[in-house]
Amino acid sequence: MTLPRLHTFATGLEKDWDAVLQGLSTRWNSGPVEGCVNHIKMIKRQVFGRAKLPLLRKRVLLTAAANR
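Please read all numbers here as calculations on a predicted model, not as lab measurements.

1. A short note on the packing of aromatic side chains
Taken as a whole, this structure holds zero aromatic pairs when the rule is applied. Of note, R27 hangs over the ring of W28, and the distance from its end group to the ring centre comes to 4.8 Å.

2. Considering the confidence of the model for the protein
This prediction gives the protein a mean pLDDT of 87; 99% of its residues lie at or above 70. The least confident element of the protein is helix 4 (residues 53-66), whose mean pLDDT is 84; the most confident is helix 1 (residues 4-15), at 95.

3. Notes on a nonpolar patch on the surface
Taken together, the side chains of M1, L3, L6 and F9 make up a nonpolar region of the molecular surface, amounting to roughly 530 Å² of accessible area. As for its position among the elements, M1 is in the segment before helix 1. Exposure remark for M1: the relative accessible area of 95% places this residue in the exposed category.

Rules and cut-offs
Residues numbered from 1 in each chain as written. Predicted model: local features only at pLDDT ≥ 70, side-chain atom pairs only at ≥ 80, totals over all residues. Heavy atoms only, no water. Phe/Tyr/Trp six-rings, centres within 6.5 Å; stacked < 30°, edge-to-face > 60°. Lys NZ or Arg CZ within 6 Å of the ring centre and 35° of its normal. pLDDT = per-residue confidence, 0-100. Helix = DSSP H or I, 4+ residues; strand = E, 2+ residues; numbered from the N terminus. Patch = residues over 30% accessible without salt bridge, like charges linked within 9 Å, V, L, I, M, F, W, Y side chains within 5 Å. Areas by Shrake-Rupley, 256 points an atom, 1.4 Å probe, with all protein chains shown as cover. Salt bridge = Lys/Arg side-chain N within 4 Å of Asp/Glu carboxyl O. Buried < 20%, exposed > 50% of the residue type's maximum accessible area, 1.4 Å probe, protein only.

What follows is the structure, encoded as structure tokens:
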């Protein structure tokens, strides 16, 4: 049984091995930033087709202020 997607993934890890090691061995990560981006995308999906940019901007800023 062959798994071409798994082979492609493993090959990509091997090509960028230094970055993989750094990502696993340092305490720095982009988790908080990714969480904020994910939250903004969720809000964007909620207002898609119903509102324009001013309302989207207001909702993002209000939720950011509430999460502080």
